[in-house]
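Listed below, chain by chain, are the residues.
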Amino acid sequence: MQCLRTTVARLRPLAATQAAQSLAQCRPSMPEGGVRTLQPVRSLNESAAAEPFLNGTSSNYVEEMYYAWLENPKNVHKSWDVFFRNANAGVPPGAAYQRPPATIPSSDGMTVVQGLVGAQPNVEKLVKDHLAVQSLIRAYQVRGHHIAKLDPLGISCVDFDDAPCTVGFQNVGLYGLTENDLDKVFRLPTTTYIGGSESSLSLREIIRRLELSVSFRGRLNVLANVIRKELDQIFCQFDSKLEAADEGSGDVKYHLGMYHRRMNRVSDRFITLSLMANPSHLEAVDPVVQGKTKAEQFYSGDTDGKRVMSILLHGDAAFAGQGIVYETFHLSDLPSYTTHGTIHVVVNNQIGFTTDPRMARSSPYPTDVARVVNAPIFHVNADDPEAVMFVCNVAAEWRNTFHKDVVVDLVCYRRNGHNEMDEPMFTQPLMYKQIKKQKGVLQKFAEKLIAEGVVTIQHYEEEIARYDKICEEAYAQSKDEKILHIKHWLDSPWPGFFTLEGQPKTMRCPSTGISEHELCHIGNIASSVPLEDFTIHGGLSRILKGRANMVSQRICDWALGEYMAFGSLLKEGIHVRLSGQDVERGTFSHRHHVLHDQNVDRRICIPMNYIAADQAPYTVCNSSLSEYGVLGFELGFAMASPNALVLWEAQFGDFHNTAQCIIDQFISSGQAKWVRQNGIVLLLPHGMEGMGPEHSSARPERFLQMCNDDPDVIPNLSGDFAVHQLYDCNWIVANCSTPANYFHVLRRQILLPFRKPLIVFTPKSLLRHPEAKSSFDDMLPGTHFQRLIPDEGPAAVSPQEVKRVIFCTGKIFYELIRERKTRGMDDAVAIIRIEQLSPFPFDLVKAETDRYMNADLVWCQEEHKNQGYYDYVKPRLRTTLRRTRPIWYAGRDPAAAPATGNKHTHLTELQRLLDTAFDLEKFPRKPQRPV
């Protein structure tokens, strides 16, 4: 710095005799050619006369001094500092230059600077002007999109709030600047990158640089040209005469997915592309894609998203209107859900079916929701392929550099209607008049390239003809197909899991029990803290001691039974992932899979990861307060591999209703539509305990209504009936009443030779119920999941003496056995638990009803009559009995709400249904009718 000052001081006398025109008298300007010039506003003679220390041809030197001064006034000699301050303050010619202040040594050895002579620099105006320029730049960042030519039709208006546009050359006066300031040089703020390597620019150049800004048919285009699906297979989907070879309903061609491995000719490496199947519920697939991406990253060890990434294609109306878009963005940076950046491409047709944007959203752009995570959003005119490519490259570079989400808004138009038969002129006549005049993107781009001499007309026409020939040949080939194979459209194949024909390798399920040694080992881990110097909460210490005590007694409660299931699978190399709101501790403070050090912030211990040295990792993660997004994410995670147990737990059972779209569209019918199996587990806390309508029912009636088994037909009971029945169902619905059965049903999910979704209505009060415990004997080798648990008390000893058989499921069993004991009816009433509701255990129910031939039959549930299980089990029980014996109902009356919130009312209702269940005179036995 001192060297620079010395050099400037040394050159100053030269400048006094050979300087050029004063910088104060010149304004830099930028003509259309882009070359900077200096245009004097006064004559050179006037300038030289006014500032005698400058003349000659040293303007470059003066300009260099000015730029150096702008960076830091200390970079230049004090004389230049005074001159530039005065010139920028608007001091007239002849007064800008002042002698530098003299220095006088003081008596104490300090140096005193004398005051300046003449006009002082207007520092206030200098600061004000620079702040005004920064405000102008910020205005471009916020509102510059209003002057961008984004709409290829030239008719859209995105200025929803009708606020005036505050950018452009004509609006500098709004910031206290004038046209005279356009050629002044200003320091660029650090919040913009328009300067490149330059730290300052003229205001004119600053403004110039600032002004430089999927649906059905598109999905088929992606299949053909990105995924490279064989064209003949695509054409087959349009042939309504082809017979479907696969079981299930299939789906329309626009919804099918695809999996393809192809060579990247740029990198000469193979890449795998997967297009997810999805329903018409548009954005519902967003979290599913993210979950599958996360799983692929997890299994490949891709911890920072450099090997696997996701691209989401959106429609403009759905992107703005559907809340799942926000929920998916909200997951983007959470530790257990991040995919390290997603590229979102919005195909902005400027219309939602028949709805104009002004009727469809309250924000200027459909992409504004992405601002919630500060994702950069690039708006680009889709009729300009080169601009689109540039923006997409920038988006890819952003994702690759920062591993954050980025959005590309392709502003385009829909040339045809919503589908092939739709007439858009009914609702958007002016828009479609303009569209009919609009040349296609290919034609416009070809004309541009031909005009520039990049290609010839002949070359263009030859390429069009060549592609048309490819399509025609593929179409002709598709006519040779006789059968339509839906399984060719799998987006998540599981190599090695099935046979080459896509069938299970066996139709048997081995025992789901494990050894006593393994039970004790996992139990000891569950009741310990594997890390040293780790302080846990005193209350948790008592819980762990309680677990250790249960292990010593060879029993387990609900939490320990779950621990046994998870731990044994992890030991066998099966990854377990449990996700949902508060799952780490458990909503009801029963699980405690993550321990927190009471003395060290954020220090945690997960004992489940200390079961064995070569075990699979256990992932347990509290989720955001989302059901729709998180359940979709976990569903996608479960798609990636059959060798993982993926579970989602609702905080309370009926909270799943905000994720109903995922359940309806992907889980219950996913295999039927897309031949796609999935083993996801839904844990839904359920039970009437007087906690109110929103904290009681998991709505079992909804899940049972969507089961695909026939209530009027008894299946073939020969062979391994239980496994074949599971293979034919669309999902499994269970309500376990013991920790051992819960243990078995979780392990069965992995040991089955195929995958089906599992819905488990889990308990609340049974988590700590003294009778809801299981012996280790019920979990040893040779044991298995019990679809039905028969009565094992006095009634079973003399079944011919039993007067009533009560069928039930879940928690109500414990209230029934308590009431039976209180009434002294243990030998008169048998209570049978149906643990697997669907597929319905016809064989076991038949065996029990045949056993108690002299008893009347009652279905008892704690739910209201129009809810719960009654409407599902009644026809199946009647079919099992061939309608020879009636089935009576004991339970709450029909109601609109699932449960009361008043404890007294709850207990009154409960006692009433128990009275009905045990009143042997209530349902008189009718004579048996012939088969």
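Here is a short report on the structure shown in this document.

The rules we used
Residues numbered from 1 in each chain as written. Predicted model: local features only at pLDDT ≥ 70, side-chain atom pairs only at ≥ 80, totals over all residues. Heavy atoms only, no water. Helix = DSSP H or I, 4+ residues; strand = E, 2+ residues; numbered from the N terminus. Buried < 20%, exposed > 50% of the residue type's maximum accessible area, 1.4 Å probe, protein only. Areas by Shrake-Rupley, 256 points an atom, 1.4 Å probe, with all protein chains shown as cover. Core = buried A, V, L, I, M, F, W, Y, C linked by side-chain atoms within 4.5 Å. Phe/Tyr/Trp six-rings, centres within 6.5 Å; stacked < 30°, edge-to-face > 60°. Pairing = 2+ DSSP bridges. Axes fitted to C-alpha atoms, helices over the stretch in contact; angles between N-to-C directions. Contact = heavy atoms within 4.5 Å. Salt bridge = Lys/Arg side-chain N within 4 Å of Asp/Glu carboxyl O. Patch = residues over 30% accessible without salt bridge, like charges linked within 9 Å, V, L, I, M, F, W, Y side chains within 5 Å. Parallel < 35°, antiparallel > 145°, perpendicular 65-115°, else oblique. Nonpolar A, V, L, I, M, F, W, Y, C, P; charged D, E, K, R; others polar. Left-handed = near helix turned anticlockwise from the far one by under 90°.

Regarding the overall build of the protein
Scanning the protein from N- to C-terminus turns up 30 helices and 30 strands. Looking at the protein residue by residue over its 931 residues, the buried ones come to 52%. Element-wise, carbon and sulfur atoms account for 53% of the exposed surface of the protein, whose accessible area totals about 43,500 Å².

Here's the deal with the nonpolar core
Membership of the largest hydrophobic core comes to 69 residues, with the highest contact counts inside it found for Leu682 and Trp859. Considering every element that reaches this core, the biggest residue donor is helix H20 (residues 628–639), with eight residues. Within the second largest apolar cluster, 59 residues are counted, among which are Phe498, Ile606, Val681 and Leu746.

Notes on the packing of aromatic side chains
For the coordinates displayed, the defined rule picks out 26 aromatic pairs. Look at Trp69 and Phe84: their rings are 5.6 Å apart centre to centre, the planes differ by 45°, and that puts the pair in the tilted class. In this pair, Trp69 sits in helix H3 (residues 59–71) while Phe84 sits in helix H4 (residues 78–88), placing the two residues 15 residues apart along the sequence. For Trp69, a relative accessible area of 3% puts it in the buried group. Both rings, one in Phe298 and one in Phe637, keep their centres 6.1 Å apart while their planes meet at 55°; by these two values the pair is tilted. Of this pair, Phe298 sits in helix H9 (residues 285–299) while Phe637 sits in helix H20, placing them 339 residues apart in sequence. Among the residues examined, Phe298 registers a relative accessible area of 32% and is labelled partly exposed.

A short note on the sheet that holds strand S13 (residues 406–411)
Spatially, four strands are ordered S10-S11-S13-S12 in an open sheet, and the strand pairing comes out parallel. Edge positions in the sheet fall to strand S10 (310–315) and strand S12 (377–381), since each of these pairs with one other strand and no more. Within the sheet, the average angular offset between the axes of one strand and its neighbour, ignoring direction, is 20°. Note: S10 against strand S11 (residues 342–348), six bridges, orientation parallel. Its bridge partner lying in S11, Gly315 is registered against Val347.

Some words on the sheet that holds strand S29 (residues 856–864)
The sheet built from five strands is open, its strands ordered S25-S27-S26-S29-S30 with mixed pairing. Lying at the two open borders of the sheet, with one neighbouring strand each, are strand S25 (788–789) and strand S30 (887–892). As judged from the five bridges shared by strand S26 (residues 804–808) and strand S27 (residues 829–834), these two strands associate in the parallel manner. In the strand pairing of S27, Ile806 is matched with Ile831. Sitting on the sheet, helix H27 (residues 812–823) is in contact with S26, S27 and S29, with an inclination near 170° to S27.

Remarks on the side chain of Thr587
Among the structural elements, Thr587 can be located in the loop between strand S16 (575–580) and strand S17 (595–596). Look past the residues within four positions of Thr587 in its chain and what remains in contact with it is Gln581, Asp582, Gln651 and Phe652.

Some details on the pairing of strand S21 (residues 681–685)
In terms of burial, S21 is a largely internal element, five of the five residues being buried. Taking every second residue as pointing to the same face, both faces of S21 are buried, with Val681, Leu683 and Pro685 on one and Leu682 and Leu684 on the other. Note: strand S20 (residues 644–649) against S21, three bridges, orientation parallel. Bridge assignment links Trp648 to a residue of S21, and that residue is Leu682.

Remarks on the pattern of salt bridges
Scanning the model with the defined rule gives 35 salt bridges in all. The salt bridge involving Arg208 is made with Glu205; its shortest N-O contact spans 3.0 Å. With Arg208 and Glu205 both in helix H6 (residues 203–211) and three residues apart, the pair spans about one turn of that helix. A residue is classified by how much of its surface remains accessible, and Arg208, at 38% relative accessible area, is partly exposed. According to the relative accessible area criterion, Glu205 is buried, its value standing at 2%. Close ionic contact of Glu562 with Arg591 constitutes a salt bridge, the shortest N to O distance being 2.7 Å. With Glu562 in helix H19 (residues 558–571) and Arg591 in the loop between S16 and S17, this residue pair connects regions lying 29 residues apart in the sequence. A relative accessible area of 2% means that Glu562 is categorised as buried. Looking at Arg591, the relative accessible area reads 1%, which means it is buried. Three or more residues are tied together by salt bridges with common partners; here these are Glu386, Lys448 and Glu452.

What about the environment of Tyr870?
In this structure, Tyr870 sits in helix H29 (residues 870–880). Given a relative accessible area of 6%, Tyr870 falls into the buried group. Note: C-alpha distance between Tyr870 and Gly891 (21 residues apart in sequence) is 9.3 Å.

Considerations on a nonpolar patch on the surface
Nonpolar side chains collect at one region of the surface, where Val123, Val127 and Leu131 lie side by side and expose about 240 Å² of accessible area between them. Mapped onto the elements, Val123 comes out in helix H5 (residues 123–143). Assessed through its relative accessible area of 39%, Val123 is described here as partly exposed.

Topic: the side chain of Asp368
With respect to the helices, strands and loops of the structure, Asp368 is situated in the loop between helix H12 (357–360) and S12. Residue classification places Asp368 among the buried residues on the basis of a relative accessible area of 17%.

Structural notes on the packing of H20 against helix H21 (residues 660–667)
To describe two helices that pack against each other, one gives the angle between their axes and the distance between the axes. Running from N to C, H20 and H21 cross one another at 30°; their axes reach a closest spacing of 8 Å. Comparing the axis directions of H20 and H21 gives the class roughly parallel. Across the interface between the two elements, Tyr628, Leu631, Gly632 and Leu635 of H20 pack against Cys661, Ile662, Ile663, Phe666 and Ile667 of H21. Looking at side-chain class alone, the contact of H20 with H21 contains eight nonpolar, one polar and no charged residues.

Some points on the packing of H19 against helix H25 (residues 739–751)
For the pair H19 and H25, interaxial distance at closest approach is 8 Å and the crossing angle is 25°. Our classification of the angle between H19 and H25 gives roughly parallel. When the axes of H19 and H25 are compared, the crossing they make is right-handed. Only Pro739, Tyr742, Phe743, Leu746, Arg747 and Ile750 of H25 make contact with H19, whose side of the interface consists of Trp558, Gly561, Glu562, Met564, Ala565, Phe566, Ser568 and Leu569. Looking at the contact of H19 with H25 residue by residue, the class counts come to 10 nonpolar, two polar and two charged.

Regarding H21
Here H21 lies mainly inside the structure; seven of its eight residues are buried. Those residues of H21 lying buried are Gln660, Cys661, Ile662, Ile663, Gln665, Phe666 and Ile667. Looking at the buried positions of H21, the neighbouring elements they touch are H9, H20, helix H22 (670–674), S21 and helix H23 (700–705).

Here we look at the environment of Ile543
Looking at the secondary structure, you find Ile543 in helix H18 (residues 538–552). Given a relative accessible area of 30%, Ile543 falls into the partly exposed group. Spatially, the C-alpha atoms of Ile543 and Arg591 are 9.8 Å apart, while their sequence positions differ by 48 residues. Among all residues touching Ile543, those that are not within four sequence positions of it are Ser589 and His592.

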